[in-house]
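Breakdown of the fold
The primary structure of each chain is shown beneath.
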Amino acid sequence: MNTSSDETQQTVDGPRMTGSQALLESFLIEGVDTLFGYPGGAIIPVYDALYDYRDRLRHILVRHEQGAVHAAQGYARVSGRVGVCLVTSGPGATNTVTGLADALMDSTPLVLVTGQVGSELLGTDAFQETNFVGITQAVTKWNCQVKRTEDIPAAMAKAFYVARSGRPGPVVVDITKDAQCGTAPFHYEKVTSIRSYVPVPEPDPECIEEAARLIDSARRPLVMVGQGVLLGNAESALRAFLEKSGMPVASTLLGLSAVPTDDPQYVGMLGMHGNYGPNIRNRECDLIVAIGMRFDDRVTGSPKHFGEHAKVIHLEIDPAEIGKIIPADVPVAGDVRETLPMLTRLIHRRDHSDWIAGFRACDRIEEERVIRPALHPAGGRIHMGEAVAAVARAYENDAVVVTDVGQQQMFAARYFGFRRTRSLVTSGGLGTMGFGLPAAIGAKLGAPDRDVVLFVGDGGLQMTIQELGTIFQSRVPVKIVLLNNAFLGMVRQWQELFYDSRYSFTELTNPDFGMIARANGLSYRCVERREELNDAVAEMKASEGASLLEVRVERQENVFPMVPAGAPVSEIRFE
């Protein structure tokens, strides 16, 4: 194969090969090393070709196509690379739609390749045919269908460029079976630009200057950090900005770990179940500097009351997000890894220690009213916060934390500290139950040198519990902490608080998780007594392979603080 001298292999010409081989060669040129997938009739040619690439491409056989996408998400989130999935047509393809929607809302770079019936059968309602391009237009950043063998390399080059550039997202490439089987000369040219597609807006110097002026004059500012900092690899730029500005910083759920939680300027998590300080002092701010976040409703509560006395500077790569929820006085469109240093150079060094001290006073109130009762309950069953804190101590707050969705998600976000970047993998925008288990598999494969701990509830675990088989077959050493309260806990909490404790179909009769775990080759332990918890966590951590620790927790525990949906964040509740 002839390759240009450019180390990044911008252009590659090779011999005549099948479309399936061309697809796999495209993966290799784009730096792919891991595929998550499930074979089927319309993708068999690719799987046949993959047989000869087993030494270069690791394939993880999931148990359900939704699991393939969530696993690829976990892989992408911790590695910073594009996650790749491979599935068949019809139901195989449609099973991925939830994962695609999740990846789009959380800006996760993915390339999903789906097999499709032969081009001569398109539109005939052939066996396992679906109009997957039409189905996924609303849940992808870009999608296309390839009907000719010679078009596969160009489609893949564009797919990877679109998925990873600008604001990342999922891409679908649907390839007909005859395109997979046909032959053509292999030519691959990496895509570096697309006419009319501007992934990164050019920063406006006047907006940067105006933002710097507002920062220098602010007396009660607050920086709000979102996942955009992580996606843009802008953590060091953020650190320099915070050190010079002296401003306190809070994080969205997906922004957690962009700033170490023990940083002296860090004041907590924003939002519905966030910390008291950044929520209650929102109305006191005279300036909000939002960096790589989209002002989700779980963060803002009632938008008209959010930061109502503050000027707003919004640094964001996607211009469509600026002003969509909260009006920006100074919009700063661009890559935050570029715009933050520009801003840092212009601002003057400031000391906001007195203002930060007010957040610490809020911390003490929250410690007394919420944290101490959650972590040191008077009696009864183990509480979720206790279990999370025990795991955090055992790992010294240095692990990749993966969560499912629900109460355990919020307890994990609140009580597990983060020392390193890219240390939280969770479903934010879509809130997908069942996300956690396959995402943990992908996270461990994407960061094999790090400990990966999954916090999952009994409801969420059962939504994708078949992926325990993937752990068994692929020997993925994830540690699973099952917080079992025999309820759909978050829904039950809302039923208690807002629906007169009418627990309509939220109580679960669960199987024997120990039998299921052992049947899938996991070590297992169940604890109900508080005095056994630390020993059980240590045993889980010390185990060599995958392990499931089931903690039978208080059945009707609630997550607090809590901002009721649609209420001003200042109306945060402790009970």
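Refer to the structure printed above.
The paragraphs below set out a description of the structure included in this document. Owing to the predicted nature of the structure, the values given are computational and were not obtained by experimental measurement.

**Quick word on helix H3 (residues 65-79)**
Given a rise of 1.5 Å per residue, 15 residues ought to cover 21 Å, and the 21 Å separating the end C-alpha atoms of H3 matches this to within 8%. Among the 15 residues in H3, 14 count as buried, and that is most of the element. Downstream of H3 by one or two residues, glycine 80 has phi in the positive range, about 75°.

**Some thoughts on helix H1 (residues 19-29)**
Since there are 3.6 residues in each turn of an α-helix, residues three or four apart along the chain are aligned in direction. Among the 11 residues that make up H1, nine are buried, leaving the element largely enclosed by the rest of the structure. All of the buried residues in H1 are Gly19, Ser20, Ala22, Leu23, Leu24, Glu25, Ser26, Phe27 and Ile29. At the exit of H1 stands glycine 31, carrying a positive phi of roughly 85°.

**Observations regarding the layout of surface pockets**
One number sums up the size of the second largest pocket: a volume of about 680 Å³. As for the second largest pocket, its lining consists of 31 residues, and the residues nearest its centre are Ile371, Arg414, Tyr415, Phe416 and Gly417. Within the residue set of the lining of the second largest pocket, elements represented by two or more residues are strand E12 (266-269), helix H15 (353-375), helix H16 (384-394), helix H17 (407-415) and helix H23 (533-542). For the lining of the second largest pocket, the leading source of residues is H15, giving six residues.

**Structural notes on empty space enclosed by the protein**
Tallied over the full model, the rule gives two cavities of 30 Å³ or more. Approximately 100 Å³ is the volume attributed to the largest cavity. As for the largest cavity, its lining consists of Ala76, Arg77, Val78, Gln227, Leu230, Leu231, Leu254, Arg422, Leu424 and Val425. For the lining of the largest cavity, the secondary structure elements donating two or more residues are H3, helix H10 (228-231) and strand E17 (424-425). Sorting elements by how many residues they give to the lining of the largest cavity places H3 first, with three residues. Grouping the amino acids of the lining of the largest cavity by side-chain chemistry returns seven nonpolar, one polar and two charged. Lining the second largest cavity, in full, are Met17, Thr18, Gly19, Ala22, Thr149, Glu150, Pro153, Ala184, Pro185, Phe186 and His187. At the level of elements, strand E2 (11-18), H1 and strand E9 (183-189) are the ones that each hand at least two residues to the lining of the second largest cavity. It is E9 that provides the largest number of residues to the lining of the second largest cavity, a total of four residues. In terms of residue class, the lining of the second largest cavity is built from six nonpolar, four polar and one charged.

**Looking at the pairing of strand E7 (residues 142-146)**
With five bridges joining them, E7 and strand E8 (residues 170-176) adopt parallel strand pairing. Bridge pairing in E8 places tryptophan 142 opposite valine 171. Remark: the E7/helix H7 (residues 152-164)/E8 crossover connection has right-handed handedness.

**Topic: the packing of aromatic side chains**
Scanning the entire structure with this criterion turns up 12 aromatic pairs. Ring plane angle 65° and centroid distance 6.0 Å describe the contact between phenylalanine 36 and tyrosine 75, whose orientation is recorded as edge-to-face. Linking phenylalanine 36 in strand E3 (residues 34-37) with tyrosine 75 in helix H3, this pair joins segments that are 39 residues apart in sequence. A residue is classified by how much of its surface remains accessible, and tyrosine 75, at 4% relative accessible area, is buried. Residues phenylalanine 416 and phenylalanine 418 carry aromatic rings whose centres are separated by 6.1 Å and whose planes lie at 40° to one another, so their mutual orientation is tilted. Each of the two residues, phenylalanine 416 as well as phenylalanine 418, counts as buried.

**Some thoughts on the state of the cysteines**
Taken as a whole and assessed by the stated rule, the structure comprises zero disulfides. With no disulfide of its own, cysteine 285 lies 11 Å from the sulfur of cysteine 362, the closest cysteine sulfur. Taking the relative accessible area as the measure of exposure, cysteine 285 reaches 0% and is therefore buried.

Cut-offs and rules
- Residues numbered from 1 in each chain as written.
- Predicted model: local features only at pLDDT ≥ 70, side-chain atom pairs only at ≥ 80, totals over all residues.
- Heavy atoms only, no water.
- Helix = DSSP H or I, 4+ residues; strand = E, 2+ residues; numbered from the N terminus.
- Expected span 1.5 Å × (residues − 1).
- Buried < 20%, exposed > 50% of the residue type's maximum accessible area, 1.4 Å probe, protein only.
- 1 Å grid on protein atoms, 1.4 Å probe; cavity = no way out; pocket = protein on both sides within 12 Å on 5 of 7 lines; lining within 4 Å.
- Points joined across faces, edges and corners; volume = space filled by probe spheres on them.
- Nonpolar A, V, L, I, M, F, W, Y, C, P; charged D, E, K, R; others polar.
- Pairing = 2+ DSSP bridges.
- Right-handed = clockwise from strand over helix to strand, strands pointing away.
- Phe/Tyr/Trp six-rings, centres within 6.5 Å; stacked < 30°, edge-to-face > 60°.
- Disulfide = S-S within 2.5 Å.

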